[in-house]
Every structure is written in structure tokens, then in C-alpha cells.
Amino acid sequence: MTPPDGTGLSHWSTRELAKYLERAENVTVSWHYIARIWREESLKPHRSGTFKISRDPAFAEKVADVIGLYLAPPGGAVVLSIDESGRTGAR
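Residues numbered from 1 in each chain as written. Predicted model: local features only at pLDDT ≥ 70, side-chain atom pairs only at ≥ 80, totals over all residues. Heavy atoms only, no water.

## Notes on helix α2 (residues 31-40)
Buried residues of α2: Ile34, Ala35 and Trp38, and no others. The buried residues of α2 occupy an angular sector of 100° when the element is viewed end-on, so they sit on one face. Turned more than 90 degrees off the buried face of α2, the exposed positions are Arg39 and Glu40. At the exit of α2 stands serine 42, carrying a positive phi of roughly 55°. (Buried < 20%, exposed > 50% of the residue type's maximum accessible area, 1.4 Å probe, protein only. Helix = DSSP H or I, 4+ residues; strand = E, 2+ residues; numbered from the N terminus. Arc of directions from axis to C-beta.)

And the structure:
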């Protein structure tokens, strides 16, 4: 499952899941244990195949600014798009 609202998380990390399980479910496991299970089961929650909306309260305003640059760029401007996914290496 995705992290519940209020956690501020878009996806689980092993450490955040371990903390959440202890706090919310009263289940104590180490993040090492969670990492081992994810590895053994080939689970990669950080590599979701779905689009995630930012939880930034100013997200809509920022998107409108970027789209505005594409639709009506200032004279002589060049608009570049950068992928900040953190992936390295070409495929």
C-alpha cells in the first residue's frame, strides 16, 4: 500500500516502513529485515509504474508557470526540460 496521508511520503523506504509499523501497528522489525524481504520478493516500491502527484501545496501554481513557458515563451527564450527522477546511466 502507499503511505497513508499525513506521513508526507510518496512511497516507502525500508527505514520509514519500519518506523511506521512500530508506531501504527506496534510491530517492531528492523529496516534490514524489510530490505531482505523486498530483495527476496523482488519488490521495488521506489520504482512505481504509476504517476505520483506532488504533495507540495504550491504544485498547481508551479505547473501553471512551467506550462506557461511552453505555451508562450519569452522572446528568444529556449525552454529545456530536465528529468529529476534520480536515475543514472543511459538505457
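## Some points on the packing of helix α1 (residues 14-25) against α2
Taken N-terminus to C-terminus, the directions of α1 and α2 make an angle of 120°; their axes are 8 Å apart at the nearest point. With respect to each other, α1 and α2 are oriented oblique. Here α1 and α2 pass one another in a crossing that is right-handed. On α2, the residues that touch Thr14, Arg15, Leu17, Ala18 and Leu21 of α1 are Trp31, Ile34, Ala35 and Trp38. Along the lines of polarity and charge, the residues of the contact of α1 with α2 split into 7 nonpolar, 1 polar and 1 charged. (Axes fitted to C-alpha atoms, helices over the stretch in contact; angles between N-to-C directions. Parallel < 35°, antiparallel > 145°, perpendicular 65-115°, else oblique. Left-handed = near helix turned anticlockwise from the far one by under 90°. Contact = heavy atoms within 4.5 Å. Nonpolar A, V, L, I, M, F, W, Y, C, P; charged D, E, K, R; others polar.)

## Describing the packing of aromatic side chains
Aromatic ring pairs: the centre-centre distance and the angle between the two ring planes describe each pair. Per the counting criterion, the structure on display carries 1 aromatic pair. Pairing tryptophan 12 with tyrosine 20 gives two aromatic rings, centres 5.1 Å apart and planes at 45°, and the pair type is tilted. Across the ring face of tryptophan 31, the terminal group of arginine 15 is positioned such that the distance to the ring centre comes to 3.7 Å. (Phe/Tyr/Trp six-rings, centres within 6.5 Å; stacked < 30°, edge-to-face > 60°. Lys NZ or Arg CZ within 6 Å of the ring centre and 35° of its normal.)

## Describing the side chain of threonine 14
Following the sequence through the fold, threonine 14 ends up in helix α1. The buried category is assigned to threonine 14, whose relative accessible area is 13%. In this structure, threonine 14 is in contact with Trp31, Ile34, Ala35 and Trp38, ignoring residues within four places of it in sequence.

## A word on the nonpolar core
In this structure, Leu9, Trp12, Leu17, Ala18, Tyr20, Ile34 and Trp38 together form the largest nonpolar core, which totals 7 residues. Within the residue set of this core, elements represented by two or more residues are α1 and α2. Here the element with the most residues in this core is α1; it accounts for 3 residues. The residues contacting isoleucine 34, other than those within four sequence positions of it, are Thr14, Leu17, Ala18, Leu21 and Val29. (Core = buried A, V, L, I, M, F, W, Y, C linked by side-chain atoms within 4.5 Å.)

## Things to note about α1
The first and last C-alpha atoms of α1 sit 16 Å apart over 12 residues, in line with the 16 Å expected at 1.5 Å per residue. Looking at α1, one finds that the buried residues are Thr14, Leu17, Ala18 and Tyr20. Buried residues of α1 fall within an arc of 165° about the axis and therefore sit on the same side. The secondary structure elements touched by the buried residues of α1 are α2. Phi turns positive one or two residues past the end of α1, at asparagine 26, with a value near 55°. (Expected span 1.5 Å × (residues − 1).)

Any functional reading would require information beyond the geometric quantities listed.
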